[in-house]
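Chain and residue survey
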Amino acid sequence: MTRVWLLKRRTARRAWARTVACCPTCQVTPGVPCHHDGIALPDGAVHPRRYQEAEETAA
């Protein structure tokens, strides 16, 4: 039960960061998935810096 909840929370947090913030690491705009050398990160992952941008945007 806890594992499923954590997975849903992580997925929701990634979606939130992707929707709200630009990614300074890969230079994409909100709504565009993060990538590395043109290949999307696995499982919809986002760069750590994008989380920081999203938190700063929300503040």
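This text follows the structure it describes.
Residues numbered from 1 in each chain as written. Predicted model: local features only at pLDDT ≥ 70, side-chain atom pairs only at ≥ 80, totals over all residues. Heavy atoms only, no water.

All right, on to helix 2 (residues 48-58) then. Residues Arg-50, Tyr-51 and Ala-54 constitute the buried set of helix 2. Take helix 2 and look down its axis: the buried residues cluster within an arc of 105°, on one side only. Opposite its buried face, helix 2 presents the exposed residues Pro-48 and Glu-56, each directed more than 90 degrees away. The elements touched by buried residues of helix 2 are helix 1 (2-20). (Buried < 20%, exposed > 50% of the residue type's maximum accessible area, 1.4 Å probe, protein only. Helix = DSSP H or I, 4+ residues; strand = E, 2+ residues; numbered from the N terminus. Arc of directions from axis to C-beta. Contact = heavy atoms within 4.5 Å.)

On to unusual backbone geometry, then. Here Gln-27, not a glycine, exhibits a phi torsion of approximately 60°, which is positive. Locating Gln-27 in the fold gives a position in the loop between helix 1 and strand 1 (35-36). Classification of Gln-27 by relative accessible area gives exposed; the value is 64%.

Before going further, it helps to spend a moment on the pattern of salt bridges. When the charged atoms of two side chains lie near each other, side chains of opposite charge can form a pair. Under the defined criterion, the tally for this structure stands at two salt bridges. For Arg-13, the salt bridge is made with Glu-55, and the minimal N-O distance between the two is 2.9 Å. Of the two residues, Arg-13 is situated in helix 1 and Glu-55 in helix 2; the sequence distance between them amounts to 42 residues. When its relative accessible area of 36% is taken as the criterion, Arg-13 is described as partly exposed. Classification of Glu-55 as partly exposed rests on a relative accessible area of 42%. The shortest N-O distance in the salt bridge between Glu-53 and Arg-49 comes to 3.0 Å. Residue Glu-53 and its partner Arg-49 are located together in helix 2, separated by four residues, close to a single helical turn. Relative accessible area serves as the criterion here: at 30%, Arg-49 is assigned to the partly exposed category. (Salt bridge = Lys/Arg side-chain N within 4 Å of Asp/Glu carboxyl O.)

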